[in-house]
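As a plain string of letters, each chain reads:
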Amino acid sequence: MPFRNSPSSETDLLLFKPDLTRGRAGIILSYTQTSFDLSSSDLTAWYTLDESDKKNEFRLKSKMGIYEVPALLSYQIEWVDFILESGEIMIRNKKDDNFLYHMLFHEKMNSAMALPLFKKGIVSDIVVLNSRNLNYYGSKKYRDLCILNEICSNILQQ
């Protein structure tokens, strides 16, 4: 995996430059890359609600990192259902046996963050980040990723 510099300041949010000529795909690719770089996570995955069927499944659209991720996320997974109902960001900073366990996509991962994106007030996408480090997603990463998430959600609304 190539070396990545850790973010040094809020100006690193300026790395998010979506290729609007590619439409939604350009936004997804840019957000996935930027959130991966900004957080220095070990994996980032973007899932989009599959509107072609009524199963409330989220399909993988983009990923960064060397680890495999699930191709689908179902509302039957407790943490996905929680995000759909609450619209809240979820953070898991240690391994334990609660319902957030499946946010860790690989056995080497110890921390996870899941961020919902909205379309017309409804969760339309979920971005999941994982790290091998314990207690990885603290207040700075949370703040930076929330800002990036808000910018991206606003772009997707247009």
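All figures in this text were calculated on a predicted structure; none of them were measured in a lab.

Before going further, it helps to spend a moment on the overall build of the chain. Counting its secondary structure elements, the chain contains three helices and six strands. The helix and strand sequence of the chain, counted from the amino end, reads α-β-β-β-α-β-β-β-α. Counting all 158 residues of the chain, 46% fall into the buried class.

So, about helix α3 (residues 139-157). The terminal C-alpha atoms of α3, which comprises 19 residues, lie 27 Å apart, in line with the 27 Å expected from a rise of 1.5 Å per residue. The set of residues buried in α3 consists of Asp144, Leu145, Leu148, Asn149, Cys152, Ser153 and Leu156. Turning to α3, the residues buried within the fold contact α1 (24-39), β1 (43-49), β5 (111-119) and β6 (122-131).

With respect to the secondary-structure elements, serine 111 resides in strand β5. Within polar-contact distance, the side chain of serine 111 engages the backbone oxygen of asparagine 133 at 2.6 Å. Those residues in contact with serine 111, other than ones at most four positions away along the chain, are Arg92, Asn93, Leu104, Leu129, Asn130, Ser131, Asn133, Leu134, Asn135, Tyr136 and Tyr137.

Across all of its chains, the model carries three aromatic pairs by this definition. With centroids separated by 5.2 Å and ring planes inclined at 80°, the aromatic side chains of tyrosine 31 and tryptophan 46 adopt a geometry described as edge-to-face. On the criterion of sequence distance, the pair formed by tyrosine 31 in helix α1 and tryptophan 46 in strand β1 is long-range, its members being 15 residues apart. Seen from their ring centres, tyrosine 136 and tyrosine 137 are 5.1 Å apart, and the 90° between their planes marks the pair as edge-to-face.

If you trace the backbone, leucine 43 turns up in strand β1. The sequence separation of leucine 43 and asparagine 130 amounts to 87 residues, and the corresponding C-alpha distance is 5.3 Å. Among all residues touching leucine 43, those that are not within four sequence positions of it are Phe36, Met64, Gly65, Tyr67, Val69, Phe105, Met109, Val128, Leu129 and Asn130.

Right, let's talk about the confidence of the model for the chain for a bit. Residues of the chain with pLDDT of at least 70 account for 85%, and the chain-wide mean is 84. Considering only residues more than four positions removed or in separate chains, one finds that residues 1-9, a stretch of pLDDT under 50, has 14 contacts.

With antiparallel pairing, six strands are arranged side by side in an open sheet as β3-β2-β1-β6-β5-β4. The strands lining the two open edges of the sheet, one partner per strand, are β3 (72-74) and β4 (90-92). The mean angle between the axes of side-by-side strands here comes to 25°, regardless of whether they run parallel or antiparallel. Here β4 runs beside β5; their pairing, made up of three bridges, is antiparallel. Each residue of the ladder has a partner; that of isoleucine 91, found in β5, is methionine 113. Together, β2 (57-64), β3, β4, β5 and β6 form the strand contacts of helix α2 (residues 78-86), whose direction differs from that of β6 by roughly 135°. This element, α3, spans β1, β4, β5 and β6 of the sheet and lies at about 25° to β5.

Quick notes on the rules
- Residues numbered from 1 in each chain as written.
- Predicted model: local features only at pLDDT ≥ 70, side-chain atom pairs only at ≥ 80, totals over all residues.
- Heavy atoms only, no water.
- Helix = DSSP H or I, 4+ residues; strand = E, 2+ residues; numbered from the N terminus.
- Buried < 20%, exposed > 50% of the residue type's maximum accessible area, 1.4 Å probe, protein only.
- Expected span 1.5 Å × (residues − 1).
- Contact = heavy atoms within 4.5 Å.
- Polar contact = N/O pair within 3.5 Å; in protein donor to acceptor, adjacent residues only side chain to side chain.
- Phe/Tyr/Trp six-rings, centres within 6.5 Å; stacked < 30°, edge-to-face > 60°.
- pLDDT = per-residue confidence, 0-100.
- Pairing = 2+ DSSP bridges.
- Axes fitted to C-alpha atoms, helices over the stretch in contact; angles between N-to-C directions.

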